[in-house]
Every structure is written in structure tokens, then in C-alpha cells.
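Residues per chain are reported as follows:
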Amino acid sequence: MHPVAKAIWYIESHFGRAIALSEIAAMAGMSRHHLSRRFSEMTGQNLNRYLRARRLSEAARQLAGGADNILTVALEAGYGSHEAFTRAFRAAFGTTPEAVRARRNLSGLTLQEPIRMSTLDKTDLPAPRIETLDAFTIAGLGGDFEPGKAAGIPALWQKFNDYFGHIPGQTDKTAYGVCTMQPGKPSFHYVAGVRIARNQDLPAEFETIAVPAQTWAVFPHHGHVNGIAATIDAAFRTWLPASGRKIGAFPDVLEFYGEDFDPESGLGRVEIWLPLADPMTKS
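Cut-offs used in this document
- Residues numbered from 1 in each chain as written.
- Predicted model: local features only at pLDDT ≥ 70, side-chain atom pairs only at ≥ 80, totals over all residues.
- Heavy atoms only, no water.
- Phe/Tyr/Trp six-rings, centres within 6.5 Å; stacked < 30°, edge-to-face > 60°.
- Helix = DSSP H or I, 4+ residues; strand = E, 2+ residues; numbered from the N terminus.
- Buried < 20%, exposed > 50% of the residue type's maximum accessible area, 1.4 Å probe, protein only.
- Expected span 1.5 Å × (residues − 1).
- Pairing = 2+ DSSP bridges.
- Axes fitted to C-alpha atoms, helices over the stretch in contact; angles between N-to-C directions.

Asks: I'm lost on the packing of aromatic side chains in this one. Help?
Replies: How two aromatic rings sit relative to each other is given by the distance of their centres and the angle of their planes. Scanning all chains against the criterion turns up 18 aromatic pairs. Residues Phe89 and Phe93 carry aromatic rings whose centres are separated by 4.8 Å and whose planes lie at 65° to one another, so their mutual orientation is edge-to-face. Highlighted residues: Phe89 and Phe93, both in helix 6 (residues 82-93), separated by four residues, approximately one helical turn. Residue classification places Phe89 among the buried residues on the basis of a relative accessible area of 0%.

Okay, structure coming up:
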């Protein structure tokens, strides 16, 4: 995977805390100078300005959602004081954090959306294993995304990782990404979550998904997690038509992250699960 794609993923997965350029460069496997230059060449943006704009944009979303404490939002965006945050916010958007929180909307603000780099470079897809599993329940944080704008998903995982390991009823240390298309809409719904044994005492912002008992085609994903779209694309476009199987009813795709998956590096055991309809079912 291209170092700039790794840098973008790292920013999207970690902008909720202070990130040094040297840290991003180390993760991308380049020097700070070369990463900054390549980032500008490939995206047309300055790396430091992109990071700052992403933090301020997410801060604006929190404020428009009615954040209780502006200082907390400022600190999470990497600013040491309310005053410094207000100056940067006004310079970026032409208004104050207080005004955005008061009006509860983002109208008139030019936000920096996540950059999405194409990662469809896979040509070989390992054969899947076929497993039949009982029903289970997943609980986590969800959001709606438009096709081509899934680059915001790492930010959802960034928020969810603050809960991981402390979720009532969490059964193990694996995680799941649940992707479902929304009928009649171009967007899809994505949930970052874990399996739970019971559906109680969950955080108010959580949602639960009942995954039915069914058969799955399980594909291993190799390499950095930012290339997961290529594995999903290959499974649908290459393996599925050749297999003669049909996709099951729900969900559209399930991402599995094993216990050894490291959200800091984006490496570890990752699998793509496609639900399969009964072979006897006619489409």
C-alpha cells in the first residue's frame, strides 16, 4: 500500500489525540520531508493543514451536535486553551465555536472531508472457507455513509475504540464492522462493534444488530486494513459470480477483526464475511 494511503488512514484513526508529523511518517515508512512532499503531490494539500482541518471539522460536527463543553472539544482537537481553539476555528470557518453550537447546524461551513485514495490493487483472492454459525448479537456505534465516502469509517472506529473492552456483555476481544445498504437510499449503514452476550446496560449511543444464523464465505484480508475495500470488491466481483452462490439477506458484508489486530498500526488478522443464501433457495 502506498505510504500516503497509510498516512491518511493513520490520521483518520488517530486525530482525536495529538499526532506528531514524525509519528505519521514513521507509520508510513518515510521521512517527514518525503512524506510531506508526496502527500502534497498526490492530494494537492499540505499534510499539516489537512490534519488541522480534519480536527477542526470534526470539532465543528461535535459542536453542531450540542457538545456540552467547548473546552473539552478544544482539547480533543489538539488545542491547549479555549482561546487558541476559538482563534483557529474562526480562521477556518469565519465564525465562533459558540455560534455553531447555538445554531446546531453546519450550514455555511466548509468542512474538510476525509481524503479517500483508491486501493483497488488486488488481483489474487484467497479461496474462502465456508462456515455455518449460530445467530449472534453485535453492539456498537453506527453511522451512515455515501458510496465513495467511506473514508470516514476510521473516525467511527476511533470513537468506538474508547469503549472497547469495557462494554457490558462483551464476549471476547474481537471486533466487527457491519455494513448494510439502506433500501431506497444511496447510502449504507456501518456499525463498529463487538459481540455481546446480553442486550442491557449499553451506552445510550450504542445500537444493536441481530445477526441471523447462516452460512458465510470467509475471506482472509492480507496487508494493511486500509486495503480492505479491494478484498471486498474482489469477493463480490470475482469469487461470487464464479461460485454460483447467492448473497444472504443480512447483512451485506461483515468485517471481522481478530484479537491480534492492532488499531495503532492497522495490521493483524482481518477477514471479510459474506452471508450466503441456502443453495436450494432460488433468486
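So much for the structure itself; the text now carries on.
Asks: Help me out: how do you make sense of helix 1 (residues 3-14) in this one?
Replies: Because an α-helix completes one turn every 3.6 residues, residues spaced three or four positions apart along the sequence face the same direction. The end-to-end C-alpha distance of helix 1, which contains 12 residues, comes to 16 Å, matching closely the 16 Å that a straight helix rising 1.5 Å per residue would cover. Extensive coverage of helix 1 is indicated by the burial of 10 of its 12 residues. Taken residue by residue, helix 1 has Val4, Ala5, Ala7, Ile8, Trp9, Tyr10, Ile11, Glu12, Ser13 and His14 as its buried positions.

Asks: Mind showing me how you'd approach the sheet that holds strand 3 (residues 175-181) here?
Replies: Strand pairing in a sheet takes place through backbone hydrogen bonds and is either antiparallel or parallel in direction. Read across the open sheet, the eight strands follow the order 1-6-8-7-3-4-2-5; overall the sheet is antiparallel. The strands lining the two open edges of the sheet, one partner per strand, are strand 1 (129-133) and strand 5 (207-211). Geometrically, the sheet is characterised by an average inter-axis angle of 35° between neighbouring strands, direction not taken into account. Where strand 7 (residues 253-257) and strand 8 (residues 270-276) come together, four bridges link them in antiparallel fashion. When the bridges of strand 8 are listed, Phe256 appears paired with Glu271.

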